[in-house]
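Coordinate analysis (summary)
Listed below are the residues making up each chain.
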Amino acid sequence: MTDTPQTPEPTGQVADAVKGNWVDRFAPAFTRPYLRLSRADRPIGTWLLYLPCLWGLGLAILATNSSSQHDLWTICGCAIGAFLMRGAGCTWNDITDRHIDGSVERTRSRPIPSGQVTVGGAVIWMVAQAVLAFFILISFYQTAIWLGIIALAPVAIYPFAKRFTWWPQVFLGLAFNWGALLAWAAHTNGVGPAPLLLYLGGVAWTLFYDTIYAHQDAEDDALIGVKSTARLFGEDSRKWLRLFLTVSVILIGAGVVLACHDRSILSLVIALGGPWAMGWHMTWQLSRFDATDNALLLKLFQSNRNAGALPLPFFAIAYLV
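Residues numbered from 1 in each chain as written. Predicted model: local features only at pLDDT ≥ 70, side-chain atom pairs only at ≥ 80, totals over all residues. Heavy atoms only, no water.

**Digging into helix α6 (residues 119–137)**
- Taking 1.5 Å of rise per residue, the 19 residues of α6 would be expected to cover 27 Å, and the 27 Å separating its terminal C-alpha atoms lies within 8% of that figure.
- Looking at α6, one finds that the buried residues are Gly-121, Ala-122, Met-126, Gln-129, Ala-133, Ile-136 and Leu-137. Each buried residue of α6 lies within a common arc of 155° when the element is viewed along its axis, so the set occupies one face. Those residues of α6 that are exposed and angled more than 90 degrees off the buried face are Ile-124 and Phe-135.
- For α6, the secondary structure elements touched by its buried residues are α2 (32–37), α4 (69–96), α7 (142–150) and α10 (178–188). (Helix = DSSP H or I, 4+ residues; strand = E, 2+ residues; numbered from the N terminus. Expected span 1.5 Å × (residues − 1). Buried < 20%, exposed > 50% of the residue type's maximum accessible area, 1.4 Å probe, protein only. Arc of directions from axis to C-beta. Contact = heavy atoms within 4.5 Å.)

The structure is reproduced here in structure tokens:
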């Protein structure tokens, strides 16, 4: 940790971005600081926001035993919306955390603490992304629109959560998995127990992967007084990760059972293969977990794109049988 931000590299690349990412290679120079602010150089966050949307839509299709061209728009709209709202959320996070980020090794090269983007410019960029996402939202059913508006609350609170609770990952989970409810509503114009269980299972999943992620900053966070589940659990992290894994699989599985209660036994069994496969991937992550190896922690965190995608082919096959 240092008391003052370091001068960024000549390229302006953020320290924990993937080398040779598309932003650094292909984006026009004047857009790069803003795309970095949105984490466009690290797409894993967009995937983690988008995948619960696909879960919700997939289960809604199974529950209603119907699909339409509107679902194709939901898939595309949620993808664009996830990119935009992840960008707006990251921008908001960096605005509120600009002083903290300058004191943490991994984050001090981010656009605001490194001086690539002003706070005023960041605010304008955040609003622009949110407005574009809103235009997509209003193309959905009314229930989905209201859910999208309500989702702004956990997004707004999350950056401050690590200042007042040891469980900021809960607020991240509440925000990142909202798409499970929204996409279900985009198909059905309603909500119910099945998407709610799916949503809560996603929150437990977020507690799993973001606790792994937070261990990268545990030492710096301790020095500056930032709270996280990684710091709270410490040497007991493996035990807690196993708990989050178990709860996630059980809740998502329960959501599948409720959504498929009118379907054939074969369809139900295949759909349940989704959370089962996801659980095995999380078990693999847990077997490799090492709180002292930052490079490994990042790789395990990023592997949750694959973990979260595993239920989707099972849902698709279950619909077809």
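Additional details are given in the paragraphs that follow.
**Overview of the confidence of the model for the chain**
- Here the chain averages 91 in pLDDT, and 93% of its residues register 70 or above.
- Mean pLDDT values over the elements of the chain span from 74, in helix α5 (residues 98–101), up to 98, in helix α14 (residues 237–259).
- When the criterion is pLDDT under 50, residues 1–10 qualifies, and its contacts beyond four places in sequence or with other chains add up to 14 contacts. (pLDDT = per-residue confidence, 0-100.)

**Notes on the packing of α7 against α10**
- Two numbers describe how α7 lies on α10: the axes approach to 8 Å, and their chain directions differ by 165°. Considering their axes alone, α7 and α10 lie roughly antiparallel with respect to each other. Remark: the crossing between α7 and α10 carries left-handed chirality. Here Thr-143, Ala-144, Leu-147, Gly-148 and Ile-150 of α7 lie close against α10, whose contacting residues are Trp-178, Leu-181, Leu-182, Ala-185 and Ala-186.
- Residues of the contact of α7 with α10, tallied by class, amount to eight nonpolar, two polar and no charged. (Axes fitted to C-alpha atoms, helices over the stretch in contact; angles between N-to-C directions. Parallel < 35°, antiparallel > 145°, perpendicular 65-115°, else oblique. Left-handed = near helix turned anticlockwise from the far one by under 90°. Nonpolar A, V, L, I, M, F, W, Y, C, P; charged D, E, K, R; others polar.)

**Re the nonpolar core**
- Within the largest apolar cluster, 65 residues are counted, with the highest numbers of intra-cluster contacts made by Leu-59, Phe-140, Trp-205 and Phe-208.
- With 13 residues, the single largest contributor to this core is helix α3 (residues 44–64).
- Here Leu-59 is in contact with Trp-184, Leu-198, Gly-255, Val-256, Ala-259 and Phe-315, once residues within four sequence places are set aside.
- In terms of nonpolar packing, the next biggest core, distinct from the first, is built from seven residues, Ala-88, Ile-95, Ile-112 and Met-126 among them. (Core = buried A, V, L, I, M, F, W, Y, C linked by side-chain atoms within 4.5 Å.)

**What to know about the packing of aromatic side chains**
- Applying the stated rule across the entire model yields 16 aromatic pairs.
- On the numbers, 5.4 Å between centres and 85° between planes, the contact of Trp-178 with Tyr-199 is edge-to-face. With Trp-178 in helix α10 and Tyr-199 in helix α11 (residues 193–214), this residue pair connects regions lying 21 residues apart in the sequence.
- Ring centres of Tyr-213 and Phe-301 lie 4.4 Å apart, and the angle between their planes is 45°; on these two criteria the pair is classed as tilted. Of this pair, Tyr-213 sits in helix α11 while Phe-301 sits in helix α16 (residues 294–302); the two residues are 88 residues apart in sequence, bridging distant segments of the chain. Note on accessibility: Tyr-213 and Phe-301 belong to one class, buried.
- Residue placement shows Lys-162 over the ring face of Tyr-158; its charged tip is 5.6 Å from the ring centre.
- Between the NZ or CZ atom of Lys-227 and the centre of the ring of Trp-166, over which it lies, the distance is 5.7 Å. (Phe/Tyr/Trp six-rings, centres within 6.5 Å; stacked < 30°, edge-to-face > 60°. Lys NZ or Arg CZ within 6 Å of the ring centre and 35° of its normal.)

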